[in-house]
Amino acid sequence: MRMVDLIEKKRNGKTLTEQEIRWIIKGYTENTIEDYQMSALLMAIYFQGMNQVEASTLTTAMVESGDQVDLSEINGVKVDKHSTGGVGDTTTIILAPLVASVGVPVAKMSGRGLGHTGGTLDKLEAIPGFHIEFTNEEFINNVNEHKIAVIGQSGNLTPADKKIYALRDVTATVNSIPLIASSIMSKKIAAGSDAIVLDVKVGSGAFMKDNEQATELAKTMVDIGSQVNRQTMAVVSDMSQPLGRAIGNALEIKEAINVLRGEGPEDLTELVLTLGSQMVVLGQQANDLDEARQMLEQAIQSGKALDKLKEFIVIQGGDESIVDNPDKLPQAKFEIQLPAKESGFVSEMTADQIGVASMKLGAGRETKDQEINMAVGIILNKKIGDAVKEGESLLTIYSDTKDIEETKEILYNSIIISDKSTKPTLIHSIITG
Ligand SMILES: O=P(O)(O)O[C@H]1O[C@H](CO)[C@@H](O)[C@H]1O
Ligand SMILES: O=c1cc[nH]c(=O)[nH]1
Ligand SMILES: [K+]
C-alpha cells in the first residue's frame, strides 16, 4: 500500500476500506507515515467526509493503537461524559462529583484546551496540588473506592489520537465530523466505561456552528458507541454564548463550587441536572429521569455533592480547603469593568471571541507549550436577553496587567446590544441509539 494512493482515493471522494484505514493509523502511530502525508489525508477527509462505516473503523483503529483500560472488576455500570468543547464549560467539575455522590461510578478521561475552548484538566489544575496522572491501577482503585476519578490522556492510551489531534490543531482540520467523532469516541472507548453521555455543543463557541451539523456529529458518535456495545447518548446543548458566568480556570472552579452549593447560574445548573439525570439512569441508580433529577437536587441541598467534591480533590492530591475558602485559589491582580456603550438588551455574545479574549489574558495557550495563568479570566455580568443601561458593567475582567486594550476591543466587538432580544434555548435535542 502507498499513502499517496490513499490520499488520492479520499481526495476523489472514494471510500477507504477497513484494511486501508488500519494501515494508515498503524503507520502514523509508528512514525512510518510522515506528518505531511497525514496532513494531506486529514484535509481530504475534511472536504470529502467519511461514511459511518469508515468513521467507526477509524475509531476502532485509534482505540487499538494503544492500551485499553479494563474496568470490568468494578461493580456497577461505569459512566463517562464528554463535551465536544466550548467556552466557560465548567460542567464536568460539577457533574462528576454530583453524580458520584448518588452512587454512579464516574470513570472519566478529560482533555486540555483546544483552539478557543478551555480544558477541564487545565481548570482542575487551578486547585493547588491537584493532579490528573494516575496508573491504570490507581484509576481503577479510585473509581472503586470513591466512585470518581478523572485522568488525562496519559501513558499509552489512544496514541494515534494524541498525534492526530495535535496535527489537526495546526492544519485547520479540527472542524470535521468524522475526525471529531473518532477522536472523542476512541478516548471514551479506550478509557473503559460501559456508558457514555456526550454533550455536543452548538453555536458560536462550539466547533459545530449550526444545529444540523451538531445533530449529525451527535448521531455519528452515538452510532460508533452502539457498534462497540457501549450505551451512548448525546445531548445537543447551546454554546451561542459562554455557559454560566465564569470563563477562566480558577474562576470556573469557584463557579463550580457555587453550583454545588445550589447558588450557581441558572443555565449551567440546568445543563448539569440534564446531563446528570441521564448519567444516573444509565448508571442504573434511578428508574427514570425525574427520579434521577430529584436525587441530584437532594444531593445538592444536603451538601452530599459538595462533600464528594472535597473527597475528589483529596484523592487527586489537591487542597480541599479551597471549597470552603475559595479565596485560597489563585487571584488576579486587577478587576477591570467593561461598561456598556449604550442602553438596550444584550442580543449576541460571540462565544469563541470571548474565549479568545480570555486566552489573551493568559487563561489559555496560544502556543503548544505555553504556561497558563490560573487566576485570570472573565465574569459575565450580563447574558443574552438581559437589559443593560449605558455605563453598566457588561463583564468583569480579571487580569494581571492593566494593559488590556486589545482584549477590551475583542470583547466590545463580541457583545451586541439591540432594542430587543430573546434568551437562547439551552437543550436543543437528545439523541439516543
Ligand atoms: O472532558 P470534558 O470536561 O467533557 O471537556 C472536553 O472539552 C474540552 C475541550 O474543549 C476538554 O477538556 C475536553 O476533555
Ligand atoms: O476532535 C476533538 C474535538 C474535541 N475534543 C476532542 O477530544 N477531540
Ligand atoms: K462557566
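Residues numbered from 1 in each chain as written. Chains lettered and ligands numbered in written order. Predicted model: local features only at pLDDT ≥ 70, side-chain atom pairs only at ≥ 80, totals over all residues. Heavy atoms only, no water.

- The name that an unreviewed UniProt entry assigns to the protein chain is Pyrimidine-nucleoside phosphorylase, with the source organism given as Jeotgalibaca dankookensis.
- Recorded under Sequence similarities (unreviewed entry), the UniProt text for the protein chain is reproduced unchanged: "Belongs to the thymidine/pyrimidine-nucleoside phosphorylase family."
- We quote the UniProt Cofactor (unreviewed entry) comment for the protein chain here in full: "K(+)". (UniProt positions renumbered as here; feature names shortened; annotations may be inferred.)

**So, empty space enclosed by the protein**
For step 1, the next point in the chain: Under the defined criterion, the tally for this structure stands at two cavities of 30 Å³ or more.
For step 2, the next point in the chain: Its volume calculated, the largest cavity comes out at about 340 Å³.
For step 3, the next point in the chain: As for the largest cavity, its lining consists of 27 residues, and the residues nearest its centre are His-82, Ser-83, Thr-84, Gly-85 and Tyr-165.
For step 4, the next point in the chain: Broken down by element, the lining of the largest cavity gets its largest block of residues, five residues, from helix α9 (residues 177-190). (1 Å grid on protein atoms, 1.4 Å probe; cavity = no way out; pocket = protein on both sides within 12 Å on 5 of 7 lines; lining within 4 Å. Points joined across faces, edges and corners; volume = space filled by probe spheres on them. Helix = DSSP H or I, 4+ residues; strand = E, 2+ residues; numbered from the N terminus.)

**Let's talk about helix α7 (residues 136-146)**
For step 1, the next point in the chain: Within the span of α7, buried status applies to Phe-139, Ile-140, Asn-142, Val-143 and His-146.
For step 2, the next point in the chain: Lining the buried residues of α7 we find β2 (106-109), β3 (148-151) and α14 (304-315).
For step 3, the next point in the chain: Two residues or fewer past α7, Lys-147 is found with a positive phi of approximately 70°. (Buried < 20%, exposed > 50% of the residue type's maximum accessible area, 1.4 Å probe, protein only. Contact = heavy atoms within 4.5 Å.)

**Some details on the domain arrangement of the protein chain**
For step 1, the next point in the chain: Splitting the protein chain by domain gives domain 1 (3-48), domain 2 (79-324) and domain 3 (330-418).
For step 2, the next point in the chain: One C-alpha centre belongs to domain 2, the other to domain 3, and the line joining them spans 24 Å.
For step 3, the next point in the chain: Here domain 2 and domain 3 share three salt bridges between them.
For step 4, the next point in the chain: If you look at where domain 2 meets domain 3, you find 13 residue pairs in polar contact (both at pLDDT 80 or more).
For step 5, the next point in the chain: At the level of secondary structure, the elements contributing two or more residues to the side of domain 2 that touches domain 3 comprise β6 (246-247) and α11 (249-260). (Domains from an automatic or database assignment. Salt bridge = Lys/Arg side-chain N within 4 Å of Asp/Glu carboxyl O. Polar contact = N/O pair within 3.5 Å; in protein donor to acceptor, adjacent residues only side chain to side chain.)

**So, the sheet that holds strand β10 (residues 387-388)**
For step 1, the next point in the chain: On the basis of which strands lie adjacent, the open sheet formed by three strands has the order β10-β8-β12 and antiparallel pairing. Of all the strands in the sheet, just β10 and β12 (415-418) have a single pairing partner and so form its edges.
For step 2, the next point in the chain: Inspection of the sheet shows strand β8 (residues 344-349) paired to β12 by four bridges, in the antiparallel sense. Paired with Val-346 across the strands is Ile-417, a residue of β12. (Pairing = 2+ DSSP bridges.)

**Concerning the site of ligand 2**
For step 1, the next point in the chain: If you check the shell around ligand 2, you find His-82, Thr-84, Leu-114, Tyr-165, Arg-168, Ile-180, Ser-183, Ile-184 and Lys-187 and nothing else.
For step 2, the next point in the chain: Ser-183 has a polar side-chain atom sitting 2.7 Å from a nitrogen atom of ligand 2.
For step 3, the next point in the chain: Within the contact set of ligand 2, an oxygen atom lies 2.5 Å away from a side-chain nitrogen or oxygen of Lys-187.
For step 4, the next point in the chain: Taken by itself ligand 2 offers 240 Å² of open surface, and the protein chains cover 96% of this.
For step 5, the next point in the chain: Judged by the fraction of its atoms near the pocket grid, ligand 2 is located in the largest cavity.
For step 6, the next point in the chain: Listing elements by their share of the shell around ligand 2, those giving two or more residues are α8 (159-169) and α9.
For step 7, the next point in the chain: Per-element accounting of the shell around ligand 2 gives the leading share, four residues, to α9.
For step 8, the next point in the chain: When the residues that make up the shell around ligand 2 are grouped by side-chain class, the tally is four nonpolar, three polar and two charged. (Near = heavy atom within 4 Å. Areas by Shrake-Rupley, 256 points an atom, 1.4 Å probe, with all protein chains shown as cover. Sits in = over half its atoms within 2 Å of the grid points. Nonpolar A, V, L, I, M, F, W, Y, C, P; charged D, E, K, R; others polar.)

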